[in-house]
Amino acid sequence: MAEDPRKLRIVFVEPTAAGPDWSRPRPRGRGTDVQPPAQIIDIFALSVVGMLERVIVEKQGGRLDVPMDDLIDYCAAFAAASLRAVYSGQIAERTKD
């Protein structure tokens, strides 16, 4: 890590409350009776991490000229919209033909 201090380091750490045994309360409202398969939840989690990684790299590289507070709000809104789609059944596991 010390070879080039100019390189951006991104470290994602799993919160102590998260993990395989942790259960988050499901969103309430229309369409929340869908229980997404674990694979869909994993893909959602990976996509959020990937989005955050890419946005941070682009912000640090100067490509995104957006205040950090706005960037956080946008990323949270994208993640929330995706999560609603997962729990509404809009994003579902595909069956193999």
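Here is a short report on the structure shown in this document. On a predicted model such as this, the values are computed, not experimentally measured, just so you know.

### Quick word on the overall build of the protein chain
Part 1: Secondary structure summary: the protein chain contains two helices and zero strands in total.
Part 2: Contacts spanning at least 24 positions in sequence make up 65% of the contacts within the protein chain whose residues lie at least 6 apart.
Part 3: Accessible area of the protein chain: about 8200 Å², with a carbon and sulfur share of 56%.

### Quick notes on helix α2 (residues 68–88)
Part 1: Between its first and last C-alpha, α2 extends 30 Å over 21 residues, near the 30 Å set by a 1.5 Å rise per residue.
Part 2: Directly beyond the C-terminal end of α2, a positive phi value near 95 degrees is found at glycine 89.

### Structural notes on helix α1 (residues 38–60)
Part 1: With 23 residues, α1 extends 33 Å between its outermost C-alpha atoms, agreeing within 8% with the 33 Å of an ideal straight helix rising 1.5 Å per residue.
Part 2: Listed in full, the buried residues belonging to α1 are Ile40, Phe44, Val48, Val55 and Glu58.
Part 3: Downstream of α1 by one or two residues, glycine 62 has phi in the positive range, about 90 degrees.

Criteria and thresholds
Residues numbered from 1 in each chain as written. Predicted model: local features only at pLDDT ≥ 70, side-chain atom pairs only at ≥ 80, totals over all residues. Heavy atoms only, no water. Helix = DSSP H or I, 4+ residues; strand = E, 2+ residues; numbered from the N terminus. Contact = heavy atoms within 4.5 Å. Areas by Shrake-Rupley, 256 points an atom, 1.4 Å probe, with all protein chains shown as cover. Expected span 1.5 Å × (residues − 1). Buried < 20%, exposed > 50% of the residue type's maximum accessible area, 1.4 Å probe, protein only.

Note that every value here comes from positions in space, so none of it alone points to a role or purpose.
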